[in-house]
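# Examination of the molecular architecture
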Amino acid sequence: MSVKEIFETMDYGDALESAAEALRWLMDNGDRFGHFIGGKMTEPGEVFEARNPATGEVLAHLTQANEADVEAAVAAARKAQGKWAKDSKARARVLYALARLVQKHARLFAVLETLDNGKPIRESRDIDVALVARHFYYHAGMAQLMDAELPDREALGVCGQIIPWNFPLLMLAWKVAPAIAMGNTVVLKPAEYTSLTALLFAQICQEAGVPKGVVNIVTGDGAVGEMIVTHPDVDKIAFTGSTAVGRRIREATAGSGKSLTLELGGKSPYIVFEDADIDSAIEGLVDAIFFNQGQVCCAGSRLLVQEGIAEDFHKRLVARMSKLRIGNPLDKCIDVGAIVDPVQLDRIQNLVAKGGPEGTVHQPVKAPEGCYYPPTLISDLAPSSLLMQEEIFGPVLASTTFRTPAEAVQVANNTRYGLAASVWTENVNLALDIAPKLVAGVVWVNGSNIFDAAAGFGGVRESGYGREGGWEGLMAYTKPKGKATAVKPAKAHVKPDDIEVLGLDRTAKLYIGGKQARPDSGYSQAVYSPKGKLLGHSSIASRKDIRNAVEAAQKAGGWTKATAHNRAQVLYFVGENLSARADEFATRIRDMTGTTEAKAQAEVTGAIDTLFTYAAWCDKLDGAAKPVPMRGVALAMNEAVGVIGAFCDDRPLGGLIDVIAPTIAMGNRVVAVASEAYPLTATDFYQVLDTSDVPAGVVNILTGPHGDLAKTMAGHLDVDAVWSFSSAEISGGIERESAGNLKRTWVNNGQTREYPARDWLAQATEVKTIWVPYGE
Ligand code: NAI
């Protein structure tokens, strides 16, 4: 098009970014790549093609890793880890060098990313690569500060990291930067569609002086991911990708002792109230759902618009969509680029063909031939419609309406996911009333898709667990210092032949919803002292009792809304009432376990101390206001996890209080299963609870065989987390069953260690990041 023609039509001219440098870089590498292992590129092996989705052209040939490659990468990472973990200041220098080199090669990274993934160059240049550099800078700082600020924490070891194709380099940075900053070494697998920027990053590692073996990159498909996941010498798996694969990884790692964080899918609501700044909300939607062709895990893919403005809003939205430019991603004026691969395009087309007829489809601009999908709005859907529920992962916005703020919250939370949400209103009271009610890890007030290294990112529910970014993100790559020791489960004392008969049968019941309840099974078990004295009977809880206890806990949601001050009062009161009966409890502990009087007394004193400690913590686990580099502040708010099921260790009282105190201090409700061998102290504790103003359902206590109960607890869809300090055998089962609704788990896998209060508190809370406009 000539300049004259451009002036006449006022249409956009071409503004193509040159691909020459990036193509030259590919050719310089002979267009065939091996893996990056032990600081060197390996020879290419069996290869597959990397294509440019915008043109279908083959860009390079990449090696499909085999078992030996993964073995070599893990071995290199293991070898490098000890030395790398020693000097955090040296690590800081290396991370800083990486940040600088990402900036130096920013243009090459951006063009290569766009060629490989199909995203508009405007985005890869201004968003992806800029955030990558920011992530390395931020974590260079974390490495620098680690000794001073995290003196009690250390690296996990070798981390396997599996990332998706939607933000190839950015996801690499989110994974690699915090891991290596904390002294871990990594084996990373990029997605098979988009591995090129990871391979360029490998070169940058060489330039930056990353010691060999600290970063290893192997390419290939899901089978390679599986090899990493199941490798016995990998200590942690960090995964970002689909919920289905996340679930498989949860199952595959169950019982292995590997740490796991999952950042999975989403179906994030975008809520527009009638008093919103409509033009801004529409511009925000362009960022929410058309950014990266909607291939964003936290895309605002469900529009909820208040009924009174819905018609006008949709009309204006369609008008705005009609101005979006879709086409060659290397064109700097393009808003919507290519879909990553024909497979994904097919998936989008099929979903829209299936669910579209439930609503009204608006596609004001046409997509060019090839791997493109036009910006799409589907209005008039019901909250339960297929497209309101399924993650499409394309530029498709599903829309419905609501009448009241309460209804908005209800519809917003009507999803199995919980990654992000946007709230649009000019009323600060309304925004900050709604934000805590949304079940999501991230909430943007009058914004969308805003990210920063200082602000935690991650989900709840089936969107996964763990946070990336901020101090909270470091939890995923560190553990408390100190050795773990093997758990030795206690054995219940057995019935002697010449049993001493007590006059009165005392069968302790279960404690559910603030009341003593008979077990559904009708069975109980005798509890003997080491010398064979019958001490009493405890109930054998079954599946139905777990269900009743969880239901009672669910109903006690008022506790989560109680003020931290009120929760502290209740915990202090429990501690006080326990101390009034300390001798009685110590006697019981001694009778059941056969321990010394002094040790029994010490256990009771320790339990009282734990109650006072977490009473103290109730109103002191501060959130944070993150200094993000934009006109806003990211608030990190600690929220209760919800209903936590917990299997106690064999300290009859200490084990019970260890799980009750931190959970309820943070506003959770708990279903605690007492020590299997020594259950009676827990049943004595009911009376302490009854006299301490603990609302019904906040603490529920069951007794019975952990093995049988663990499966039901971990599989229950209304349980949000399961902890286990019981025997190793139940850990794996809990992790496996938890895959159903991807609940959080914290299990010992047969290893016990002293956890500082901060760890208990972190397990009892979720960080919600709330982005609020702030400042100039
Ligand atoms: P995916 O979850 O299959 O792939 C993500 C990564 O996991 C890739 O590196 C892949 O090679 C690897 N992987 C696949 N199977 C594995 C296994 N069994 N063990 C270990 N690693 C494995 O995602 P895919 O197939 O590329 O996309 C399918 C759908 O997933 C998309 O349509 C979208 O809905 C969703 N998705 C969500 C993402 C998110 O960030 N939430 C990212 C990518 C996809």
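What counts and what doesn't
Residues numbered from 1 in each chain as written. Predicted model: local features only at pLDDT ≥ 70, side-chain atom pairs only at ≥ 80, totals over all residues. Heavy atoms only, no water. Near = heavy atom within 4 Å. Polar contact = N/O pair within 3.5 Å; in protein donor to acceptor, adjacent residues only side chain to side chain. Areas by Shrake-Rupley, 256 points an atom, 1.4 Å probe, with all protein chains shown as cover. Domains from an automatic or database assignment. pLDDT = per-residue confidence, 0-100. Pairing = 2+ DSSP bridges. Helix = DSSP H or I, 4+ residues; strand = E, 2+ residues; numbered from the N terminus. Axes fitted to C-alpha atoms, helices over the stretch in contact; angles between N-to-C directions. Contact = heavy atoms within 4.5 Å. Expected span 1.5 Å × (residues − 1). Buried < 20%, exposed > 50% of the residue type's maximum accessible area, 1.4 Å probe, protein only. Phe/Tyr/Trp six-rings, centres within 6.5 Å; stacked < 30°, edge-to-face > 60°. Lys NZ or Arg CZ within 6 Å of the ring centre and 35° of its normal.

## Comments concerning the site of the ligand
- Near the ligand there are 27 residues, and of these Trp165, Lys189, Glu192, Ser242 and Arg347 occur at the shortest range.
- At a separation of 3.4 Å, an oxygen atom of the ligand approaches a polar backbone atom of Gly222.
- Within the backbone of Gly241, one N or O atom sits 3.4 Å away from a nitrogen atom of the ligand.
- Protein burial of the ligand: of its 800 Å² of free accessible surface, 88% is covered by the chains.
- Here the shell around the ligand spans two domains, since at least three of its residues come from each of domain 1 (19-49 + 59-264 + 473-479) and domain 2 (269-454).

## Focus: the confidence of the model for the chain
- The predicted model of the chain has a mean per-residue pLDDT of 96, with 99% of residues at 70 or higher.
- Here the predicted complex carries an ipTM of 0.96, next to a pTM of 0.97.

## Points about the sheet that holds strand β27 (residues 624-626)
- Spatially, the ten strands line up as an open sheet ordered β14-β15-β16-β13-β12-β17-β18-β35-β28-β27, and their pairing is mixed. Each having just a single partner strand, β14 (360-362) and β27 make up the two edges of the open sheet. Put simply, the sheet's adjacent strands are angled 20° from each other on average, direction ignored.
- Two elements, β14 and strand β15 (residues 376-379), share three bridges in a ladder whose sense is antiparallel. Along β15, the bridge assignment pairs Thr360 with Ser379.
- Across the face of the sheet, helix α12 (residues 307-321) comes into contact with β12 (269-272), β13 (302-306), β14, β15 and β16 (396-402) while running at roughly 135° to β13.
- Where helix α15 (residues 405-412) meets the sheet, it contacts β12, β13 and β16, and its direction lies at approximately 170° from that of β13.

## Section: helix α11 (residues 278-290)
- The end-to-end C-alpha distance of α11 is 17 Å, a good match for the 18 Å that 13 residues give at a rise of 1.5 Å each.
- Those residues of α11 that fall on the buried side of the exposure criterion are Ile278, Ala281, Ile282, Gly284, Leu285, Val286, Ala288, Ile289 and Phe290.

## Topic: the sheet that holds strand β26 (residues 534-539)
- If you walk across this open sheet you meet the three strands as β22-β26-β25, and the pairing is mixed. If you trace the sheet from one side to the other, it starts and ends with β22 (507-508) and β25 (524-528), each paired once.
- Note that β22 and β26 share two bridges and pair parallel. Along β26, the bridge assignment pairs Ala508 with Ser538.
- Contacts between helix α24 (residues 680-690) and the sheet are confined to β22, β25 and β26, with β26 contributing the most and set at about 75° to the helix.

## Side note on the packing of aromatic side chains
- In the structure shown here, the tally under the stated rule is 22 aromatic pairs.
- Centroid distance Phe451 to Phe457: 5.7 Å. Interplanar angle 65°. Geometry classified as edge-to-face.
- Judged by its relative accessible area of 13%, Phe451 falls in the buried class.
- Taking relative accessible area as the criterion, Phe457 reaches 4% and is therefore assigned buried.
- Joined through ring pairs, the aromatic side chains of Trp723, Phe725, Trp746, Tyr755 and Trp760 make up one cluster.
- Residue placement shows Lys236 over the ring face of Tyr477; its charged tip is 4.7 Å from the ring centre.

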